[in-house]
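Overview (structure and organization)
Below are the chains, spelled out letter by letter.
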Amino acid sequence: MEHEWQAHAAWQVNPLYYKGELTTCGSSWRFDNIHVGFDKFYFIVEGSCVIEIDGHKHLAKPYQLFLLPGHTAQTLYTLEDQTVKKYWFHCALPCGEQTLSEVLHLPYYIEVPDVAYIQQLFCRILKGEKEPALTAKLQQKAAILELVAYYVQHSGTRSSTVSYDSRITQVLDYIEDHLTDDLPLDDLCQLVHFQPSYFIRFFKSATGATPAAYIQSRRVALAQQLLLDQTLSIQDISARCGFRNPPYFSRCFKKWTGLSPTRYQSLAIKRHVNTNP
């Protein structure tokens, strides 16, 4: 049962890749007290640098994998006459209304014993940026999720600390199977025989989100996948994802991703997002 709950928590994570590279940074590389709205993964290959996150300073060394959460204060620099070679990419890791780091309280870095494996994952992730094919994008997302799973596994974080209740599994399964439908609150309450006020508290305690927010996030996640299919119109995608009209769909999509559906589609296919490493 516990594994079933972890599976439901896992598919709430819907990574959105922005940009990445293998970079060697010289002694002039420095960013002071920057705040960005996306998450970053850094895998140190050679050399060292200082990574400070919300006042927590770390000397990053080879074969350490860092996760720099979005919306934190970050100071990054190399030491005098030093360089650092690192794989990196920027992404969003939403998990319901929160981020993965917020849900699991992940550490800022882990030690990596499986260096070749992690390098291979980064290569697969970066390869997806250069190839526009749908299969390449799906493989890229799979590699990101694989990297996230590795990070969680080696961080000492136990996702099983979230209490499991088979009733939430029943509700989540129902939502996933009926994303195109209206999904009124009363129908969800009837599944587990709860009053609406208690059901909302029960649902939020289990998932970290209200039923309405959770459903909307799942519909947007489905839309992100459908937008990779250029044969579908925005109206078609809106209907397939359970939104009552395209303007409302566009507002919801932008609220969750920061982009309009058409802009997201363009970026998702071309992968030309201008962000600093």
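Everything discussed here concerns the structure shown above.
Read on for a plain summary of the structure. Remember, it's a predicted structure, so these values are computed and weren't measured experimentally.

Let's shift gears to the packing of helix α3 (residues 115–130) against helix α4 (residues 134–153). Viewed as axis vectors pointing N to C, α3 and α4 meet at an angle of 150 degrees, and their least axial separation amounts to 8 Å. Seen from above, α3 lies across α4 with left-handed handedness. Along its contact with α3, which presents Tyr117, Ile118, Leu121, Phe122, Arg124, Ile125, Gly128 and Glu129, the element α4 presents Ala136, Lys137, Gln139, Gln140, Ala143, Ile144, Glu146, Leu147 and Tyr150.

We now examine the packing of helix α8 (residues 211–226) against helix α10 (residues 246–257). Axes are the key here: two packed helices are described by the angle between their axes and the distance separating the axes. Where α8 contacts α10, the axes come no closer than 10 Å and their chain directions differ by 95 degrees. Comparing the axis directions of α8 and α10 gives the class roughly perpendicular. The segment α8 lies against α10, with Ala213, Gln216, Ser217, Val220, Ala223 and Gln224 engaging Tyr248, Phe249, Cys252, Phe253, Lys255, Trp256 and Thr257. Of the residues contributing to the contact of α8 with α10, the split by class is 8 nonpolar, 4 polar and 1 charged.

This part takes up the sheet that holds strand β2 (residues 30–34). Strand order in this open sheet of 4 strands is β2-β7-β4-β5, and the pairing throughout is antiparallel. Edge strands, defined here as strands with exactly one partner in the open sheet, are β2 and β5 (56–60). Sheet twist, expressed as the mean angle between neighbouring strand axes with direction ignored, is 10 degrees. The pairing of β2 with strand β7 (residues 74–77) spans 3 bridges and is antiparallel. Directly across from Ile34, in β7, lies its bridge partner Gln74.

Cut-offs and rules
- Residues numbered from 1 in each chain as written.
- Predicted model: local features only at pLDDT ≥ 70, side-chain atom pairs only at ≥ 80, totals over all residues.
- Heavy atoms only, no water.
- Axes fitted to C-alpha atoms, helices over the stretch in contact; angles between N-to-C directions.
- Helix = DSSP H or I, 4+ residues; strand = E, 2+ residues; numbered from the N terminus.
- Left-handed = near helix turned anticlockwise from the far one by under 90°.
- Contact = heavy atoms within 4.5 Å.
- Parallel < 35°, antiparallel > 145°, perpendicular 65-115°, else oblique.
- Nonpolar A, V, L, I, M, F, W, Y, C, P; charged D, E, K, R; others polar.
- Pairing = 2+ DSSP bridges.

Everything listed is a geometric property; what it means functionally is a separate question.
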